[in-house]
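Here's the letter readout for the chains.
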Amino acid sequence: MNKVQKMIMSFAAVALIVGSSAFTAKNKRAVIRYYKVDAINYPNASDPNGYQYFSGDRCENGGSLCSMEWDLGSNPSPTADGTPLPTTGVTQQSDTLEPGHFE
């Protein structure tokens, strides 16, 4: 093979590898921490109602439920503080419950 053929074969091999890896890459899901801002009306930790997103830590001592991480599935990630947790298509990450109360 001459140099041109070797170069074409190299490019073809790279394109095949890169192209096939696009189909095997894992779909990363968004797992985001939400704060239970309305624990009075929605005291159940597994109820997505009453949760809102905040970028900073808003938990204070005292209380049994402050925040929990949720897998958002195909829902968009929140961009602004106070964005409510979607009530459908989300999965709680129960081992991430943080005790305390929202402040």
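Residues numbered from 1 in each chain as written. Predicted model: local features only at pLDDT ≥ 70, side-chain atom pairs only at ≥ 80, totals over all residues. Heavy atoms only, no water.

1. Digging into the pairing of strand S1 (residues 31–36)
- With five bridges connecting them, S1 and strand S4 (residues 67–71) associate as antiparallel partners. Paired with Tyr34 across the strands is Met68, a residue of S4.
- Two strands pair when backbone bridges link them, and S1 and strand S2 (residues 51–53) are joined in this way by three bridges, in the antiparallel orientation. Opposite Lys36, over in S2, you have Tyr51 as the bridge partner. (Pairing = 2+ DSSP bridges. Helix = DSSP H or I, 4+ residues; strand = E, 2+ residues; numbered from the N terminus.)

2. Quick notes on the sheet that holds strand S5 (residues 83–84)
- Spatially, S5-S2-S1-S4-S6 is the arrangement adopted by the five strands of the open sheet, whose pairing is antiparallel. Strands with a single pairing partner mark the edges of an open sheet, and in this sheet they are S5 and strand S6 (91–98).

3. Focus on the packing of aromatic side chains
- If you walk through the whole model with that rule in mind, you get five aromatic pairs.
- Ring plane angle 65 degrees and centroid distance 6.4 Å describe the contact between Tyr35 and Phe54, whose orientation is recorded as edge-to-face. Of this pair, Tyr35 sits in strand S1 while Phe54 sits in the loop between S2 and strand S3 (59–60), and the two are 19 residues apart along the sequence.
- Judged by relative accessible area, which is 12%, Phe54 ranks as buried.
- Their ring planes at 70 degrees and their centres at 5.2 Å tell us that Tyr51 and Trp70 sit as a pair that is edge-to-face. In this pair, Tyr51 is assigned in strand S2 and Trp70 in strand S4, connecting sequence segments 19 residues apart. (Phe/Tyr/Trp six-rings, centres within 6.5 Å; stacked < 30°, edge-to-face > 60°. Buried < 20%, exposed > 50% of the residue type's maximum accessible area, 1.4 Å probe, protein only.)

4. Some points on the side chain of Thr96
- Note that Thr96 resides in strand S6.
- What makes Thr96 buried here is its relative accessible area of 16%.
- Here Glu69 takes part through its backbone nitrogen, which lies 2.9 Å from a polar atom of the side chain of Thr96.
- Filtering out sequence-adjacent residues up to four positions away, Thr96 remains in contact with Arg33, Ser67, Met68 and Glu69. (Polar contact = N/O pair within 3.5 Å; in protein donor to acceptor, adjacent residues only side chain to side chain. Contact = heavy atoms within 4.5 Å.)

Function cannot be read off these values alone, since they describe shape.
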